[in-house]
Amino acid sequence: MKIQRFGMLAGATLVGSLALSACGSDNNTAGSGSQGSASGSASSAECAKGTLNAEGSSAQKNAIEEAISSFQDACEGATVNYNPTGSGAGIKQFLAGQVDFAGSDSALKKEAKDGKIETEEAQKHCGSPAWNLPMVTGPIAVSYNLPGVSKLVLTPEVIANLFNGKITTWNDPAIAKINPGVKLPSTPVKVFFRSDESGTTENFTKYLKAAAPSAWTAEPSKSWTGKGEGKEKSAGVASAVQSTEGGLTYAEWSYAKDNKLGIAQVDNGAGPVELTGESVGKAVAAAKQDGEGNDLRLKLDYATKESGAYPILLVTYEIVCSKAQDPAKVDLTKAFLKHFASADTQKSLEEIGYAPLPSEVQSKVEAAISALS
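Residues numbered from 1 in each chain as written. Predicted model: local features only at pLDDT ≥ 70, side-chain atom pairs only at ≥ 80, totals over all residues. Heavy atoms only, no water.

A.B. asks: Give me the lowdown on helix α6 (residues 199-211), citing residues and values where you can.
C.D. replies: Taking 1.5 Å per residue as the helical rise, α6 with its 13 residues ought to reach 18 Å, and the 18 Å between its terminal C-alpha atoms agrees with that figure. Those residues of α6 that fall on the buried side of the exposure criterion are Gly 199, Thr 200, Thr 201, Glu 202, Asn 203, Phe 204, Thr 205, Tyr 207 and Leu 208. One side-chain oxygen at the N-terminal end of α6 lies 3.0 Å from the backbone nitrogen of Thr 200; it belongs to Ser 198. (Helix = DSSP H or I, 4+ residues; strand = E, 2+ residues; numbered from the N terminus. Expected span 1.5 Å × (residues − 1). Buried < 20%, exposed > 50% of the residue type's maximum accessible area, 1.4 Å probe, protein only. Polar contact = N/O pair within 3.5 Å; in protein donor to acceptor, adjacent residues only side chain to side chain.)

Written out as C-alpha cells, the structure is:
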C-alpha cells in the first residue's frame, strides 16, 4: 500500500449522537476479550473472537484494509473479511443477509427503485432500522494521463461534456479557453468508467447533475449513463488510465495517487481549486445531516461556489442493523467498528489518501459503539 501524507481535513459540525449494531448470518461465536495493542499507529483494541464478513465500496478498500490489519494484529482469534465488490453489490448482499455489514459510498435509498425502497428492505432484513454510519471521506479526483500536462483546470460543464462524449480531443477550444498558456495535445479523449454499480459513480454524477445541469441531464445513479469504456472497480479505471495516453476517469484520490495520474483542478465558479486535504475539508464543513435520529446520512453541496472548496467528494458509510440479529456477533462487531473509528486508526488513514472522521463525529461514534447490545 503506497503511503502519502496530506493535511487533516476540517470537519463538519454534525448534530446528534450515533448508535449502531450489526446483523449477520454466520454463527461464529464472538466473546468479550482482553485488551490488545495494535502495531504501528493503531490504538489499543478491545478484542473479541470470531469472524465478520463485509462487502461493498471499493473506494474504502485501502482504508478498511488498514483498519482490519491493525485490528487483527491486536486481536488474536478475530477475523474480518472485506470483499470490495462495489457499493451496489455490498448493499444487495447486506439486504440478502449474506454479510454482517456493508460498505457504501451512498446511503440507503429512501425512494423507490425497481419497486423497492432500500431503507424498507433493510428494515425487513434486520428486524430493526438500518443505519448509515459515515466512516471515511474520499475525495473524487478527475484523473487523466497527458504527458507534459502537469496542470489542468476544468469547469463542471467541460467535465460533463468530456464524460458525455461531446468533447473528444484534449485540445478542444472549450478546454483551451480555461487553460491559457498550456500546450494541449490533439490526443483523443479516452473515457473509462466504473462498469460495476458504484457509489463513486453515483456521487460523481450527483456532482455533474448539480453543478452542470444543462450539460449533464441524466439522473444520478450507481450505474454509469455517460460514454466511455467500462472497467471494474476503482482499481480497474485507475489502471486503465495509467496505461492509456489521453485516458480520463473519475476515481478516489488514493487510487489517482497510487497510479501517479494527473489530477485536474476544478473551477465551480470561484476560481480553480486544487484537490488537497484543506480544500476538501471546506466542502465537508458545508455538509448537513440528512438522516433522522441515529441514521447519520449527510447531504453534500456539490454545486458550492465557496472559494477554495473542492466540490467532488464522497462519504463512505458502514451500513449496519440497529439491533443485532445474531447476539454472538455483537462483541466482535463492537470491537472492530470501535477500532475503525478510533482516533489512532482514523489518523493512520490520513497517510493513505483518506479523510479522518472529524473529532466531534469520531467521539460520538465511539460512544455509540460502546452502547452496542
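A.B. asks: Describe in detail the packing of aromatic side chains, supporting the description with residues and values.
C.D. replies: Applying the stated criterion across every chain, the model contains 12 aromatic pairs. Here the aromatic rings of Phe 193 and Trp 224 are separated by 5.8 Å at their centres, their planes lie at 15°, and the arrangement is stacked. Placement of Phe 193 in strand β10 (residues 190-194) and of Trp 224 in the loop between α6 and β11 (229-231) is noted, with a sequence separation of 31 residues between them. Considered together, Phe 193 and Trp 224 belong to a single accessibility category, that of buried residues. Ring geometry for Trp 216 against Trp 224: centres 5.4 Å apart, planes inclined by 45°, an arrangement best described as tilted. Using a relative accessible area of 12% as the deciding quantity, one classes Trp 224 as buried. (Phe/Tyr/Trp six-rings, centres within 6.5 Å; stacked < 30°, edge-to-face > 60°.)

A.B. asks: Give me the pattern of salt bridges: which residues, what numbers.
C.D. replies: This model, assessed by the stated rule, comprises 12 salt bridges. Glu 202 serves as the salt-bridge partner of Lys 222, at 3.5 Å between the closest nitrogen and oxygen. Of this pair, Lys 222 sits in the loop between α6 and β11 while Glu 202 sits in helix α6, and the two are 20 residues apart along the sequence. Glu 202 matches Lys 222 in its accessibility class, with the two residues each being buried. Each of the salt bridges in this network shares a partner with another, and the network as a whole consists of Lys 109, Glu 202 and Lys 222. (Salt bridge = Lys/Arg side-chain N within 4 Å of Asp/Glu carboxyl O.)

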